[in-house]
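Topology and contacts: notes
Next come the chains, spelled out residue by residue.
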Amino acid sequence: MKLNITVIPGDGIGPEIIAEAKKVLDKVCDLYGHEISYKEVLMGGCSIDAYGKPLTDETIEAARSADAVLMGSIGGNTQTSPWYKLEPHLRPEAGLLGLRKALSLFANLRPAYLYPELKEACPLKEEMADRGFDMLIMRELTGGLYFGERSTKEVDGEMTAVDTLIYKESEIRRIAIKAFEVARKRRKSVISVDKANVLDSSRLWRKVVEEVRKDYPDVELSHMLVDNCAMQLVRDPAQFDVVLTENMFGDILSDEASMITGSIGMLPSASLNDSSFGLYEPSHGSAPDIAGKDIANPIATVLSAAMMLRYSFNLDKEADSIEEAVRQVLRDGYRTVDLLGAADAGSFKKVGCKEMGDLLVERIAVL
Ligand code: IPM
Ligand code: MG
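What comes next is a walk through the structure. (Residues numbered from 1 in each chain as written. Chains lettered and ligands numbered in written order. Predicted model: local features only at pLDDT ≥ 70, side-chain atom pairs only at ≥ 80, totals over all residues. Heavy atoms only, no water.)

The next point concerns unusual backbone geometry. If you check the backbone angles, Ala287 has positive phi at about 40° while not being a glycine. Counting through the fold element by element, Ala287 comes out in the loop between β12 (278–282) and α10 (299–313). Backbone geometry at Asp294 places phi at a positive 60°, although glycine is not the residue there. In this structure, Asp294 sits in the loop between β12 and α10. On the basis of relative accessibility, which here comes to 30%, the residue Asp294 falls in the partly exposed class. (Helix = DSSP H or I, 4+ residues; strand = E, 2+ residues; numbered from the N terminus. Buried < 20%, exposed > 50% of the residue type's maximum accessible area, 1.4 Å probe, protein only.)

So this is what it looks like as structure tokens:
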């Protein structure tokens, strides 16, 4: 198969982790007889530096014309980087939001799985870590507060800022369908998260999710308020299979879910539209404080590449081979620094970003 990939290395640790993911993809394609080609483009801070804006038409076109996009991370230190002195629509994050919107990437899949090998790195009580968890957060990605109208202006003599949380029925329906479809391939349970005790948008969310559910009688559905969900994630994460939620709640809950897996450096994500096209990126950010030091964990990006093979190309075996290599490398005791945490560092082999990539490449095999 021919795979045409547009690559957005981005800022901070982005280029380092992307380099490792490409090494792994090259090995997989070599072993399984696929032809992969990459086109690299700029987005985020590096695009601001080069072109004065975070997202150019050329980058949108390069993304659109590829089979899939593999991304590192964008953005810088919000306290110190000159990028954050620019108007909000010219900052790095606006590039990512613009690309998500331009390509209608409304479904953001963020799996949070506790590898048994990483139990020690899980900050929860031992009994919770022992039980393990395996959930998938289905986050709506092109609506809600992120894309509603906003303004900051003087009203009655004082500065007043407004953000709008807006959802149309059709936007809720299409993401709910994605959640039920993916639940069918998992443990057939959806927990829809909202704030229906306060927000109109959440009450509509609940109603539409209930309607969609009628087509999926084999899938269990329950509703949970977002504040309760934040608590349940650290109290009993094993109860979650598919978590369906709107854009902002999903942003926050997915960071929380990632942290209980031991490190935010482990979590991949896929952003999909209604075709097989997708944008794949780690759930974590650009970590400017550790950029260029060869200590970043490339696993989330490598696992994002696996999701790309699975969702955009239907190459399940190839994706399995990457996920198996990750399990193997953890089983063999290799850890980037983020995975060592409070655990007994002495019993593990501490490695950098490049070495982790090499170790993964060594373990890619035909299954
Ligand atoms: C994420 C990030 C983005 C978001 C930022 C960088 C705009 O936090 O992908 O979770 O809020 O969606
Ligand atoms: Mg986020």
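This is not the end of the story, as more comes after the structure.
This paragraph deals with the sheet that holds strand β8 (residues 189–194). Pairing between sheet strands relies on hydrogen bonds along the backbone, with the strands arranged either parallel or antiparallel. A sheet is described by the order of its strands in space; here 10 strands give the open sequence β2-β1-β3-β12-β11-β4-β5-β10-β8-β9, paired in mixed fashion. In the strand order of this sheet, the two ends are held by β2 (35–40) and β9 (220–225), each with one partner. Neighbour-to-neighbour, the strand axes of the sheet open up by a mean angle of 25°, direction not taken into account. In this sheet, strand β11 (residues 268–272) lies alongside strand β4 (residues 107–113) in antiparallel orientation, the contact comprising 3 bridges. Bridging across to β11, Leu109 finds its partner in Ala270. Strand contacts of helix α6 (residues 169–184): β4, β5 (134–140), β8, β9, β10 (242–245) and β11, with the helix running at about 165° to β5, the strand carrying the most contacts. (Pairing = 2+ DSSP bridges. Axes fitted to C-alpha atoms, helices over the stretch in contact; angles between N-to-C directions. Contact = heavy atoms within 4.5 Å.)

To continue, consider the pattern of salt bridges. Overall, the coordinates contain 28 salt bridges when judged by the stated rule. Between Asp236 and Arg131 there is a salt bridge, and its shortest N-O distance comes to 3.1 Å. With a gap of 105 residues between them, Asp236 in the loop between α8 (226–235) and β10 and Arg131 in helix α5 (residues 126–131) connect regions that are remote in the sequence. Residue classification places Arg131 among the exposed residues on the basis of a relative accessible area of 54%. Taking the shortest distance from any N to any O, the salt bridge between Arg310 and Asp320 comes out at 3.0 Å. Taken together, the residues Arg310 in helix α10 and Asp320 in helix α11 (residues 316–331) connect sequence positions 10 residues apart. One salt-bridge network, in which partners are shared between bridges, spans Glu117, Glu324, Arg327 and Arg331. (Salt bridge = Lys/Arg side-chain N within 4 Å of Asp/Glu carboxyl O.)

Take helix α9 (residues 247–259) next. In this model, α9 (13 residues) spans 19 Å end to end at C-alpha, consistent with the 18 Å of a helix rising 1.5 Å per residue. The set of residues buried in α9 consists of Asn247, Phe249, Gly250, Leu253, Ser254, Ala257 and Ser258. Down the axis of α9, the smallest arc covering the buried residues is 150°, so these residues share one side. Against β4, β5, β8, α7 (200–213), α8 and β10 lie the buried residues of α9. The backbone nitrogen of Met248 lies 3.0 Å from a side-chain oxygen of the residue at the head of α9, namely Glu246. (Expected span 1.5 Å × (residues − 1). Arc of directions from axis to C-beta. Polar contact = N/O pair within 3.5 Å; in protein donor to acceptor, adjacent residues only side chain to side chain.)

Note that every value here comes from positions in space, so none of it alone points to a role or purpose.
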